[in-house]
Amino acid sequence: MIGGCLNRELGFDPNTPSVARLYDYYLGGKDNFPADREAAEELLKVAPELRAAARANRSFLGRAVRHLARAGIRQFLDIGTGLPTQNNVHEVAAEVAPGSSVVYVDRDPVVLVHARALLAGQDGTTVVEGDLRKPDAIVNDPDVRAAIDFSRPVGVLLVAIMHFVTEAERPDEIVAALREAMAPGSYLVMSHGTSDARAAAVGKGTEVYRNANSPLTLRSRERITELFEGFELVDPGVAWLPEWRPEQTDTIDFVDGPESSLILCGVGRKV
């Protein structure tokens, strides 16, 4: 329902809702257009909890990155990064491990322009154009290879992006290709919209994103867990966003139950 960008086609089209710009709108950003705002408001009428879910997704990303940095990870590959906002991966990693190397990967031309402008002159950060559906091209990209040593542990971040990959696009094989490139001791961080959420939100979200630049494929907890094959799940396993190692402020928006966050998440370690 929210997340970074995985476009069907390259190019900038302000008249077609963009998943990256929709996410920006949920977070209260300004990098969006009337078509994005109209689509977002249509969904928010049925699922007003989506704004809190977007914030919870960002908070999970931050907690996961800090966990990886404390575990010794010093290089991060963020695929489907989306438009820059507060507490980006390089900023969070630097809190725990200054000097970490971070590569941001996206295909959306607007995302790439904003990310490159924001990160100009930032040591240890690289922005690369890439498509999650072509994982081998990402891990073999010269700029990625220059920034990340795949012989050492790496944190691969697939945050709110895999639900824009259809079953026909073989999500298991995408994750397997990334896993194959990762050294033992590496981590996979994933959050994923789920069909286990409130039915009205699931139905409307699927409808709205059908007209966006990437349709939505929501999956069950069981199916999302299968995507972590080959990784040892870190406690508490696959959980709702506010259930994954929350801090006190992470649960405030979800007094009616963690399932109102609409998204499941997890962190797995390659052994």
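This section reports on the structure supplied with the text.

Calculation notes
- Residues numbered from 1 in each chain as written.
- Predicted model: local features only at pLDDT ≥ 70, side-chain atom pairs only at ≥ 80, totals over all residues.
- Heavy atoms only, no water.
- Axes fitted to C-alpha atoms, helices over the stretch in contact; angles between N-to-C directions.
- Helix = DSSP H or I, 4+ residues; strand = E, 2+ residues; numbered from the N terminus.
- Parallel < 35°, antiparallel > 145°, perpendicular 65-115°, else oblique.
- Contact = heavy atoms within 4.5 Å.
- Nonpolar A, V, L, I, M, F, W, Y, C, P; charged D, E, K, R; others polar.
- Pairing = 2+ DSSP bridges.
- Right-handed = clockwise from strand over helix to strand, strands pointing away.
- 1 Å grid on protein atoms, 1.4 Å probe; cavity = no way out; pocket = protein on both sides within 12 Å on 5 of 7 lines; lining within 4 Å.
- Points joined across faces, edges and corners; volume = space filled by probe spheres on them.
- Left-handed = near helix turned anticlockwise from the far one by under 90°.

A short note on the packing of helix H2 (residues 34-46) against helix H9 (residues 199-210)
Contact geometry for H2 and H9: axes closest at 9 Å, N-to-C directions at 170°. In terms of their interaxial angle, H2 and H9 are classed as roughly antiparallel. Contacts between H2 and H9 involve Ala 39, Glu 42, Leu 43 and Val 46 from the first element and Ala 200, Ala 201, Lys 204, Gly 205, Glu 207, Val 208 and Tyr 209 from the second. Looking at the contact of H2 with H9 residue by residue, the class counts come to 7 nonpolar, 1 polar and 3 charged.

Things to note about the pairing of strand E3 (residues 125-129)
Examined bridge by bridge, strand E2 (residues 101-106) and E3 share 5 bridges and lie parallel to one another. Looking at the pairing, Tyr 104 lines up with Val 127 of E3. Between the parallel pair E2 and E3, the chain is carried across by helix H5 (residues 109-119), and the sense of this crossover is right-handed.

Describing empty space enclosed by the protein
Counted by the stated rule, this structure contains 3 cavities of 30 Å³ or more. Of the volumes computed, that of the second largest cavity is approximately 60 Å³. Along the lines of polarity and charge, the residues of the lining of the second largest cavity split into 5 nonpolar, 4 polar and no charged.

Section: the packing of helix H1 (residues 19-26) against H2
The contact between H1 and H2 brings their axes to 9 Å, and the two run at 60°. Judged on the interaxial angle alone, H2 and H1 are oblique. Crossing hand, H1 versus H2: right-handed. Facing H1, whose interface residues are Arg 21, Leu 22, Tyr 25 and Tyr 26, H2 presents Asp 36, Arg 37, Ala 39, Ala 40, Glu 41, Leu 43 and Leu 44.

Observations concerning the side chain of Arg 66
Note that Arg 66 resides in helix H3 (residues 50-70). When near neighbours in sequence (up to four residues on either side) are disregarded, Arg 66 contacts Val 92, Glu 95, Val 96 and Glu 247.

Limitation: the analysis is restricted to geometry and does not speak to function.
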